[in-house]
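Each chain, written out:
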Amino acid sequence: MSDLNRFRYTMESCNHCGQCKWILPHRMSGWDFAEVCPIHSHFGFDAYSGQGLINIAREVMEGRLERTDELAAMVQTCAGCGACDVNCKSVRDMEVLETIFELRRDLAETGHLPDACRRMAENVSAGRDPFGVPQAERFSWLPEDFREDPEADVALFAGCSAARDPAPVLAAMKILKAGGVPFRLMTEDERCCGAALWRSGQQSAAEKLVRHNADAFHRAGIRTVVTVCGECFGAFRSIYPRFGETEFRSVHISQIAADLILQGRLSFRRDLPPLTVTWHDPCMLGRLSEEYVPWEGEIRSYGLHVPEKHWNRGEFGVYREPRDVLAAIPGVETREMTRRMEEAWCCGYWSGLADPECAAATAGERVREARAAGAEVVVTSCPFCKTALSGGTDPLPVVDLAVLIAGRLA
Amino acid sequence: MSLPKAVYEELEKVVGSRNISDKEYVLAGNRAQTPEIPVRHRSADAIVLPGSTEEVAEIVRICRRHGVRYVGTVSGGIPTAYATEENTILIHFKRMNRILEINEKDRYAVVEPGVRHVQLYPEVRKRGLSYTAAAVGPGGSVLVNIACTGGDHHNQYGSSRPTRYLLGVEMVTPEGEILRTGSLEAGAGWFCPESAGPSLRGIVKGYSGNAGHIGIVTKCAIALDRCKGPAATRTEGVSPHSRIYMDDECSRVYVFNYSSIQDVGRAMLALGESEVGATVQKYFYLPLSLMMTSSANEFWEKWDGFRKAFPMPLVVHLAPHSVREREYEEKILFDVVRETGGVRLPRELERWWEEHMDYFMIVSRLQSVLRLGGSWLPIKTGGESVRHLCDIGDSIREFIHDFTDTGKIFDAPQNYQIIPMEYGHFASFELLFMWDRTDPNSFRYMQEFCAASRETDLKHHAHSMTAGGYGRAGEALGRLYCDCHLWAGRIRHSFDPDFDPDA
Amino acid sequence: MLYPKTTEEVREMILAARHSGGGLVPVSSGPPHFHGASVNPNAETLDLSRMDRVMAIDRRSRYVRVEAGVTFGDLLPQLAAHGLRLNLPFLPRPSKSAVASALEREAVLMPKYQYDYPDPLLTVETVFGTGDVFRTGSAAGPGTMEENTSDKVIPWGPGPFDYYRFLGAAQGTIGVVTWATLKAEVAPSASRLFFIGSASPDPLLDLAGKLLLDRVPDECVLLDRTAFSMAFAEPGQEDALRAALAPWTLLCRVCGYERYPEERVDIYGGYVADACAAFGLTAETEPPFPVDPAQIERMLTDCDRRDTYWKLRRGDERELLTLVPPSAAPAVLAEMSASQPDAGFIVSPQVQGRAFRIECGLYFEPDPRQAEKAEETLFSLAGRLVPLGAYFDRPYGRLPELLYSDPLARGAMKRLKSIFDPDNVLNPGKLCF
C-alpha cells in the first residue's frame, strides 16, 4: 500500500528554491533550452513541477486536497523523467521523484487513474503487453532461422516495443553475433519489464511482471540481461531492486558495443556517407538508471539519515558509452544538445497518457533543440523516445543506436 | 473564499483560459508551507500568467476595480512571493520571459521578470560581459533579484552590489498605469536610471527592495560589466560533481586563514586600496562546508574538521588582464597577507574554489545550505564600511553562545560573511544560521536569536541592517532610523491610495 | 539672503517660509554662479556657504563628510594631506561646493570609480520642505549621528527607497542638503598621463569605452581643441595652442598606488598603448604641442586656482550639458560640433564607460544680448539632439520644456514633491513644480 508519509521529510523540506525547474549552470548555454521540467514549461503554473507536485502530495497526505480523477490526470501529465529530482539532489537530500511516484500510487490505489493508464494494467491482466499485443505475438517478428545459444547465461531482453518495431532488437542480435557474445532470447517467458505500470502508480500490477521476469531469469540461469530499450534497462536497475530482485546484472547494448569496440571486436564500414547526429539521453538509460538501494531508517535533526542512505543523484547513468560508440563509428559526427546527460530534456512520451498535447509539445521542443545543435538525425536507444520524437509536425529522422551500429558494421 | 466568477472571467479575457486557474491543485503549488515558517502560506484565489506589461496593467485595474488583492511572483522561495491575505490572486510571470535587448555597445540588458539568471548570464558572457546578482539559484529571476529585492553578490568586491546596476525601469503602478523611470521616461532609452530632477529610481529600490509595493516592475535594464576571469570556461563531469574550470593563467584563487576578523578587515582594506583582486570575501564556513560535501551525513561527518581547518577563511580571486599583472597582484597579495597575519590554506582547498569560483557555480551550490532540513535564515544583511562590519562580526560572540551551546540553533561564532564592494569602500554582511524544525520550540528559538542579535546591535548602535516597514508597522525600528517608516508609509500611500500607513 | 550656520537654523528658516508662504532657493557654491543658482524674484536665497565645516576625513574607510558650503578650493588640500583625493569634475572653480557638485551629478573625471550615476555621493543630511531633518543610507541610524557607530557610508535606503536619489539633480526642490558624505580615493604615488589625438572623436570614444570596460585609466576625458586650449593654455596663448592641437584629444592617466606603484603604471600604461594601437591611435606622454604635461596632470587633479576661471576667459559662458549612451555619442557629438563649430566640448565618460556626459560651452564677451542668444542657440540645439538619443538629466534653464512629456512620470514626481515639500517652499517654479 502506498504511504506518502514516507516522504514527509522531502515534502517538509522544500523551500521552493526553483532548482527543480531550471538547468544547472554547468550545462547552461543561453536563453533557450534553459528549462528542464517539461510540464512546467508547457503549463506554466508552479503546480506542474517537482516542487508543485510534492506540495500537492503533502496536501493529499494531510487531507487538505481531495483525491480526484482530475488531480490524477494532472499528476500523470508528468512524464516522470526525473530532471527535477537530479537538479534538486545537486544540492539537497530530497526524494522528489519518489514522492511523485508515491503520489501516483496513492491516487491509483484509491481509484484515481487516467483511462490510458488503467488500460495498460487491464491489458497485462488479459495476457497482453501493456500496449495490447498478445503474449503469443510478442516474438512474432523473430526470424525463423534464429538459433540461440542454449548454454548462454546472457539473455537479450526484447521488450514490448519489438512487436511494433523489431529493428532495434534485430540490430542488437547482429551486434552481439558480430562481437561473438553468446546470448539467448526468453521467447516463452519474457513479459513486459513493468516500468510503464510502476511509473503510473500501479505498483502491484508491476510487481507481478517483475516477479515473473526475475523468476524466469533465475530458472533459465541467466546472469546478465542485455537490453536495447532504455526503459527496460532503467526498470531492471531502478525498479527490480525495490522488490528484492537483484540476482541478475543488466547491461545496455551501448555498454556492450562500447566494450566490444574497445576490444577491437567490432569494425565498421568506411564507405558510407557522413552523418551528423545528436544523442538523446533516454531518462531511464541516463539519470534514472542508477541502481536502487532500498533504505529504511530514521531521519534525525538536520537531515542526518540513520543508517546512512545511498542517494541516486543521476550521476552514474549510462552517458559515456553511447557517446563513445558514436565517436568510434567512421563518418558519424555527434553534436551535443544543451540539455544532455543528467540534464537531458525528456521526449515527453509518458505525458501522452494523460495529455497528448503536452507530450507533443515536449517532443517538439526536443526536436527543436536537436536541430539547433546542428543534427540531421537524432540517435537514441528507447523506443518510446523514438516514437515521441518521430511524431509532430516537423520531426527529424530518429534512429535507434543499435540500428545505427549494426547498419555500419563492416 | 474563491474569486467571484465575474472577476475570474474578466481576468480570463485578458490572459486567455490557458493562463488562469483557480483549481485547488494548481493553487496548492504556490501555497505549501516552507520550512522557514511554521505556518502555511495562505492560498491565493487564482493564479494568472500574464504575457505582457499591458496584460499586467489590465489585471491590476481589474483587481483594483473589484477590490481584489494581488501579489506578483516569479521564483517563489521568499516570503513576499505568496498571498498573505484573503481575496488575493497571484500574478505569476512565467510567461514574461523575454530578454528584450542585450546592448553590447551601451552595456545593458533589458529583461522581463520571467528571465532567469541561468538564461541571461550565458547570453551576456558570450559577449565577454557579466553582471552582478544576489546569491539566488540559477532559476532566480534576474529582474526580481536586481529591481525588487535586496541581496549582495559573492563577487562584488571589484564591482558593487546589484542595486548599483539597475537602470531604466517600466512598472505598473497600483492604479494600473504604466510608469517608466530614468532616461526611459524622457524617451531616451534604457541606459540611465535617474530622472531629470528628483529621481523616480528612488521609489523602485532602496537598500532593500520594495517587493512590488509601489508597482510591479515588468521590464528593467541592468548594467553589464566586463566578465572577469576567462571568457570561456571548460565544464566537466555530471552533477553533483560537475566542475567549471578556469583555464586561464591569469586567474587564480587563494584562500587564507585568519584568527582575527580585524586582521581580515585590514587585509580587505589594504587589497582594496591597491585595487588588487576580482573577488575578496570573508566567507561563512558553514555554507562552505555544506557546499563541499554531498549529503547531510557527509557534512556531519566532516563538520568538526571543517570548522577547525578554516574558521575564518579569506578568499581572494585574482583575475587581471595579463600574467604580468597577476604576478604584480600576487606580490601585493602576499605582502598584505604577511602584514596582516594570514596563513595560506592547502592548495586543495584553493583548487576547490577555482572549480567553483564562477558566480554560477557558487550560487547553484549555495542552496546546499538548505540541505540540513531547509530551516535557515540570513540576518544582519546590512552594509557599511569594512571597519564597522568587522566590529559587528566581533560582537556576535556576545550572544551566540547562549544559543549554539544549548543547541537552540545551529551556527558557529565566526560563521558570517563579509564581502567588500567597490574595492573596500564598503561591504555587505550576512549571518546565516539554521534551526531544527523538528523541535517544536525551534521557531521560538529562532526568533529569540534574531532578537538577541538585534539587541546587541542596538546596544552598540551598530548599523547591521537597514530599517524596513511602512507606517506604523515599521515603527519599532523606523523611529531609530530618522522615522523612515513614516516617510516610507507616505511614499507608498501616495502611489497606492488603498494603503493606509496608520493601519 | 539667508545665511544659516547650522541644520537647526536651516530648519527654522524653512518652517518660517512655510509659515509665511515664501520661497527659498538653496545655494551652496560661491560665485561665479552658473546653472542652478538662477535668481528667483519670488524667493529668498538660502546661502549655505557659511556651513563650511569639514566634519570627517577618514583614510581607512576612504570618505569625507563635509557641510554644504565646503568648496573644492578648501577641501582638496585637506584631503591630500590624508593621502586622499576626490573624483572631481573637469577643472572646477575653487568656489564650487563639493556637496553641490555631487548632488548635481556633475561629470566626474575618474569613471572607473563611478559605479552608479550618483557616485561619489554617499549619505546626506537634509531638511525637507516640511522642516523635518532626515539622514539617508546608513547615516539614518540607529540613533543619532553621535550614537550611530557606523561610518555612515552606505548610500542606499534606509529601507525600500533611495532617498538620496530624490535629492540629486533636484535643484533643491525636495530638501536642503546640509552635509554629505563623499567617496574619496587613495591619492596615487605614481602616474603617467597620455595624450591621444585624433581628427575625429569617434575612435577616441571607442577607445575610452574599451579602456573603461577594463577599468584601466584613472582620469579619462576627451576635449576638443577649443576646450583644451581654453583650459590649459597660458593667458594669450589659446590660439597658438589650439592651432597646434589635433581636433580632439583624449587625456588618459594611469596610476599606481602605495604598493609597487611604478610597476602598476608600467603595466597599465602598456594596456593604454596596446589599446591605442588596436584603434590605430598613438598614445603620447610628451605631446607635440606647447604644454607642460606635468602642469596638465596637476590641473586634472585640482580645481582651477588661476585668477580667471577658465570658462570665463572671454568673459562669459553658456553651456549645454547632455548625457548619452555610447551608441548615441557619435551622432550627438557630430550634430553638436557641426552646429557649434566654435564651441568647446568636454566629453566625460561616466559610470565605467557606460555613458558620456557632453558639455558644449559657448564662450563670449559679457553682453546680455549675446548671453540670451547663446541660451537660445543651445536650447534649440538641445531640441535637435533629443531624437538622436540625448538625455538631459540635469535640466537647467529651459530644458524642462523638453522633458516631462510623460504625464505619468511628471505626476509621480509631483507626488514626491507633495510629500517632501507640500507647500512648495523650496525653489518654487523649478523643474515641473
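Residues numbered from 1 in each chain as written. Chains lettered and ligands numbered in written order. Predicted model: local features only at pLDDT ≥ 70, side-chain atom pairs only at ≥ 80, totals over all residues.

Counting its secondary structure elements, chain A contains 16 helices and 10 strands. The C-alpha atoms of chain A give a radius of gyration of 21 Å, which matches the 22 Å a tight globule of 410 residues would have. Along the first, second and third principal axes, the C-alpha set of chain A runs to 60 × 50 × 40 Å. Out of the 410 residues belonging to chain A, those deemed buried represent 58%. Considering only contacts in chain A between residues 6 or more positions apart, those separated by 24 or more positions represent 77%. (Helix = DSSP H or I, 4+ residues; strand = E, 2+ residues; numbered from the N terminus. Rg over C-alpha atoms; globule rule 2.2 N^0.38 Å. Buried ≥ 20, exposed ≤ 12 C-beta atoms within 10 Å, placed from the backbone. Contact = placed C-beta atoms within 7 Å.)

This part is about the overall build of chain B. From N to C terminus, chain B includes 17 helices and 21 strands. Dimensions of chain B, computed from the C-alpha atoms along their principal axes, are close to 70 × 55 × 50 Å. Burial analysis of chain B (503 residues in total) assigns 65% to the buried set. For chain B, the proportion of contacts with a sequence separation of at least 24, taken over those separated by at least 6, is 66%.

Facing 69 residues of chain C, the contacting portion of chain B comprises 72 residues. The element best represented in the side of chain C that touches chain B is helix α12 (residues 407–420) of chain C, accounting for 7 residues. Here the side of chain C that touches chain B is composed, by residue class, of 38 nonpolar, 13 polar and 18 charged. (Nonpolar A, V, L, I, M, F, W, Y, C, P; charged D, E, K, R; others polar.)

Summarising the chain contacts, 2 pairs of chains touch, and the pair with the most contacts is chains B and C. One thing to see here is that chain A and chain C don't touch, and their nearest C-alpha atoms sit 22 Å from each other.

Right, let's get into the interface of chain A and chain B. Between chain A and chain B, the contact holds 50 residues from the first and 53 residues from the second. The set of elements that each furnish at least two residues to the side of chain A that touches chain B consists of α1 (8–13), α3 (50–61), α4 (69–76) and α5 (83–89) of chain A. Examining the composition of the side of chain A that touches chain B, we find that 5 residues originate from one element, α3(A), more than from any other. Considering only residue class, the side of chain A that touches chain B consists of 22 nonpolar, 16 polar and 12 charged.

All right, on to the domain arrangement of chain B then. All names here are of chain B. Each domain of chain B was delimited in the assignment, giving domain 1 (5–92), domain 2 (99–226), domain 3 (235–459) and domain 4 (469–503). Between domain 2 and domain 4, the C-alpha centre-to-centre distance is 25 Å. In this assembly, 6 residues from domain 2 lie in contact with 5 residues from domain 4. Counted by class, the side of domain 2 that touches domain 4 contains 3 nonpolar, 3 polar and no charged residues. (Domains from an automatic or database assignment.)

For the rest of this paragraph, the subject is the sheet that holds strand β13 (residues 316–324) of chain C. All names here are of chain C. If you walk across this open sheet you meet the 7 strands as β12-β9-β11-β10-β14-β15-β13, and the pairing is antiparallel. Edge positions in the sheet fall to β12 (283–284) and β13, since each has one partner strand and no second. Two elements, strand β10 (residues 220–224) and strand β11 (residues 248–256), share 5 bridges in a ladder whose sense is antiparallel. Bridged to Val-221 within β11 is Leu-251. Docked against the sheet, helix α8 (residues 261–278) engages β9 (190–198), β11 and β12, running at close to 150 degrees with respect to β11. Sitting on the sheet, helix α11 (residues 368–385) touches β13 and β15 (355–364), and the angle it makes with β13 is about 10 degrees. (Pairing = 2+ DSSP bridges. Axes fitted to C-alpha atoms, helices over the stretch in contact; angles between N-to-C directions.)

Quick look at the sheet that holds strand β1 (residues 154–157) of chain A now. Residue and element names in this part refer to chain A. The 4 strands lie next to each other as β2-β1-β3-β4, forming an open sheet whose pairing is parallel. Looking along the sheet, the strands with just one partner apiece sit at the ends: β2 (184–185) and β4 (249–252). Sheet topology places β1 next to β2; 2 bridges connect them, and they run parallel. Counterpart to Ala-155 in the pairing with β2 is Arg-184.

Residue and element names in this part refer to chain A. Relative to the elements of secondary structure, Pro-182 occurs in the loop between α8 (167–178) and β2. You can call Pro-182 partly exposed: it has 13 C-beta atoms within 10 Å. Considering only alpha carbons, one finds Pro-182 and Ala-155, 27 residues apart in sequence, at a separation of 8.9 Å. Setting aside chain neighbours within four positions, we find Pro-182 in contact with Asp-149, Ala-152 and Val-154.

A word on the domain arrangement of chain A. Residues and elements named next belong to chain A. Splitting chain A by domain gives domain 1 (1–113) and domain 2 (124–262). The centre of domain 1, based on its C-alpha atoms, is set 30 Å off from the matching centre of domain 2. In this assembly, 8 residues from domain 1 lie in contact with 5 residues from domain 2. Of the residues forming the side of domain 1 that touches domain 2, the biggest block, 5 residues, is contributed by helix α6 (residues 96–109). Among the residues forming the side of domain 1 that touches domain 2, the class breakdown is 4 nonpolar, 2 polar and 2 charged.

Moving on, we come to unusual backbone geometry. Residues and elements named next belong to chain C. In this model, Pro-31 is joined to Pro-32 through a cis peptide bond whose omega is 0 degrees. Locating Pro-32 in the fold gives a position in the loop between β1 (23–27) and β2 (43–47). A cis geometry characterises the amide bond from Gly-157 onward to Pro-158, with omega recorded as 5 degrees. Positioned with a positive phi, Gln-352 is a non-glycine residue whose angle comes to about 60 degrees.

Two numbers describe how helix α10 (residues 323–340) of chain B lies on α8(C): the axes approach to 10 Å, and their chain directions differ by 160 degrees. Between α10(B) and α8(C), the angle falls in the class roughly antiparallel. The crossing of α10(B) and α8(C) is left-handed. On α8(C), the residues that touch Arg324(B), Glu325(B) and Tyr328(B) of α10(B) are Glu263(C), Arg264(C) and Ile267(C). (Parallel < 35°, antiparallel > 145°, perpendicular 65-115°, else oblique. Left-handed = near helix turned anticlockwise from the far one by under 90°.)

Okay, the confidence of the model for chain B next. With 98% of its residues at a pLDDT of at least 70, chain B reaches an overall mean of 92. Here the prediction assigns the complex a pTM of 0.97, and the interface score ipTM is 0.96. (pLDDT = per-residue confidence, 0-100.)

A separate point is the pairing of strand β4 (residues 88–92) of chain B. Residue and element names in this part refer to chain B. In terms of burial, β4 is a largely internal element, 5 of the 5 residues being buried. What you see with β4 is no split at all: Thr-88, Leu-90 and His-92 on one side and Ile-89 and Ile-91 on the other are buried throughout. In this structure, strand β2 (residues 46–48) lies alongside β4, joined through 3 bridges in parallel fashion. Of the residues in β4, the one forming a bridge with Ala-46 is Ile-89.

A few words now on the pairing of strand β3 (residues 224–227) of chain A. Residue and element names in this part refer to chain A. Examined bridge by bridge, β1 and β3 share 4 bridges and lie parallel to one another. Note that in β3 the partner of Leu-156 across the bridge is Val-226. Of the strand pairs in this sheet, β3 and β4 are connected by 4 bridges, and their pairing is parallel. Residue pairing for β4: Thr-227 is matched across the bridge by His-252.

All names here are of chain A. Taken across its 10 residues, helix α12 (residues 253–262) has 8 buried, putting it largely inside the fold. Buried residues of α12: Ile-253, Ser-254, Gln-255, Ile-256, Ala-257, Ala-258, Leu-260 and Ile-261, and no others. Phi for Gly-264, located one or two positions after α12, is positive at around 75 degrees.

We now examine the environment of Leu399(C). All names here are of chain C. With respect to the helices, strands and loops of the structure, Leu-399 is situated in the loop between α11 and α12. Separated by 78 residues in sequence, Leu-399 and Leu-321 place their C-alpha atoms 9.9 Å apart. Setting aside anything within four residues of it in sequence, one finds Leu-399 in contact with Ala-382 and Phe-392.

Spanning 12 residues, helix α17 (residues 484–495) of chain B covers 17 Å between terminal C-alpha atoms, matching the ideal 16 Å at 1.5 Å per step. Buried within α17(B) we find Cys484(B), His485(B), Trp487(B), Ala488(B), Gly489(B), Ile491(B), Arg492(B) and Phe495(B). Buried residues in α17(B) make contact with α6 (201–204) and α16 (475–478) of chain B together with β7 (133–135) and α12 of chain C. (Expected span 1.5 Å × (residues − 1).)

A word on the environment of Glu194(B). Structurally, Glu194(B) is set in the loop between β9 (178–181) and α6. It is 7.8 Å that separates the C-alpha atoms of Glu194(B) and Leu167(B), two residues lying 27 residues apart in sequence. In contact with Glu194(B), not counting residues within four places along its chain, are Gly182(B), Ser199(B), Arg201(B), Tyr117(C), Arg165(C), Gly168(C), Ala169(C) and Asp393(C).

Further remarks concern the packing of helix α7 (residues 261–273) of chain B against helix α13 (residues 386–395) of chain B. If you want to describe how two helices pack, look at the angle between their axes and the distance between the axes. All names here are of chain B. At their nearest, the axes of α7 and α13 sit 9 Å apart, and the two run at 165 degrees to each other. Between α7 and α13, the crossing angle belongs to the class labelled roughly antiparallel. In the packing of α7 onto α13, the handedness of the crossing is right-handed. Of the residues in α13, those touching α7 at Ile-261, Gln-262, Val-264, Gly-265, Met-268 and Leu-269 are Val-386, Arg-387, Cys-390, Gly-393 and Asp-394. Here the residues of the contact of α7 with α13 are counted per class, giving 6 nonpolar, 3 polar and 2 charged.

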